[in-house]
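Chain by chain, the residues run as shown.
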Amino acid sequence: MPDLDFKDRLILVVGGAGFVGSNLSLHLLGEDAREVIIVDNLLSADACNIPDHPKVRFIEGSITEGAILEGLPRDLDYVFHLACYHGNQSSIADPLADHENNTLTSLKLFNHLRDFEGLKKVVYSAAGCAVAAKTYGEATATSEDAPVSLYHDSPYSISKLIGELYGNYFHLRHGLPFVKARFQNVYGPGEILGAGRWRGTPATVWRNVTPTFIWKALHQEPLPVENGGIATRDFIFVDDIARGLIACALRGEPGEVYNIASGTEVSILELAEMINELTGSGAPIDLRPARNWDRSGKRYGDPRKAREKLGFKATVDLREGLRRTVAWTRQHGATIERCIVQHHKFLRELETAAE
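Everything in this summary refers to the structure shown in the same document.

What counts, and where the lines are drawn
- Residues numbered from 1 in each chain as written.
- Predicted model: local features only at pLDDT ≥ 70, side-chain atom pairs only at ≥ 80, totals over all residues.
- Heavy atoms only, no water.
- Helix = DSSP H or I, 4+ residues; strand = E, 2+ residues; numbered from the N terminus.
- Buried < 20%, exposed > 50% of the residue type's maximum accessible area, 1.4 Å probe, protein only.
- Pairing = 2+ DSSP bridges.
- Right-handed = clockwise from strand over helix to strand, strands pointing away.

## Re unusual backbone geometry
Part 1 of the reasoning: Between histidine 86 and glycine 87 the backbone carries a cis peptide bond, its omega angle lying at -10°.
Part 2 of the reasoning: Along the chain, the position of glycine 87 falls in the loop between β4 (78-81) and α3 (88-93).
Part 3 of the reasoning: Unusually for a residue other than glycine, asparagine 227 sits at a positive phi of about 55°.
Part 4 of the reasoning: Along the chain, the position of asparagine 227 falls in the loop between β8 (223-226) and β9 (232-233).
Part 5 of the reasoning: On the basis of relative accessibility, which here comes to 30%, the residue asparagine 227 falls in the partly exposed class.

## A look at the pairing of strand β2 (residues 35-40)
Part 1 of the reasoning: Counting buried positions along β2 gives five out of six residues, so the element sits mostly inside the fold.
Part 2 of the reasoning: Across five bridges, the pairing between strand β1 (residues 10-14) and β2 is parallel. Across the sheet, the residue bridging to leucine 12 is isoleucine 37, located in β2.
Part 3 of the reasoning: In this fold, β1 hands off to helix α1 (residues 19-30), which returns the chain to β2; that crossover is right-handed.
Part 4 of the reasoning: Bridge count for β2 against strand β3 (residues 56-60) is five bridges, and the pairing is parallel. Counterpart to valine 36 in the pairing with β3 is valine 56.

Take a look at the structure:
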């Protein structure tokens, strides 16, 4: 059995300037990697997230670019593919941009890596939402072998599944050591509202529920909760996701898929109430209608396979993770505000059009 560590390994992190990718890169540096190569086009990330470390090499651009692919060293040990077009609502607004940044990235990367000798593992960030049942009734934990529907709510969900399919193909046809890590709802330090370029909708700024709620609560603004907050999610702290990705790389079986999940179901209303409590916000909750595109009501992941096969278990509970994220948001408020403000003109035009 090979050494189960990253010491002196050469690692590529595609999408490494993003929220998850930057946190993962910090973990890899802590594991004494020889070098961490980060490729990111900064479409939905801010360069301030890139670790300032002598072992980090940053390449700005898309992994779909031929020059970037051809410039990758042939002696890569591990690859983490985290690049995507963030996220559901942006993909609905611009399906072609989603294809360019979420589907084509996977195909071109896997095709290029297919004959890399010595490559130990390619870990792909898959999406738990793409396989979860569409229900507002009682949810059951989504397992790795859950049936996959042919009807999806967003191009993003479709693209993440296509990435799995392409990876499976290159594994079967070319022996690519491909492992799928299915994410649940990741949150934590490093997720910067408004990071990157305008992507056509307010979701460019208000990108995920947890950082949006925390920012608004810290500014004493009402938290926007759709459909009475009855939807449920599996919230997992970013450090746990990084550890899960590492476990997939070191112990995952090529061709297999693993849920990187907490296994705990939490409603959006519960999340909002907890964040208001932790931030000391006295603002009321702003109840809104359900989103007309979203049929994914209640879901959470089954973590048993990752626990049994990888030895992975989420360790940071929601309250503690939110406490850390609130503290980070307070500390980095100026950076977050800078990224939000760069989209002010677009947001103002949308608000004016809606009046």
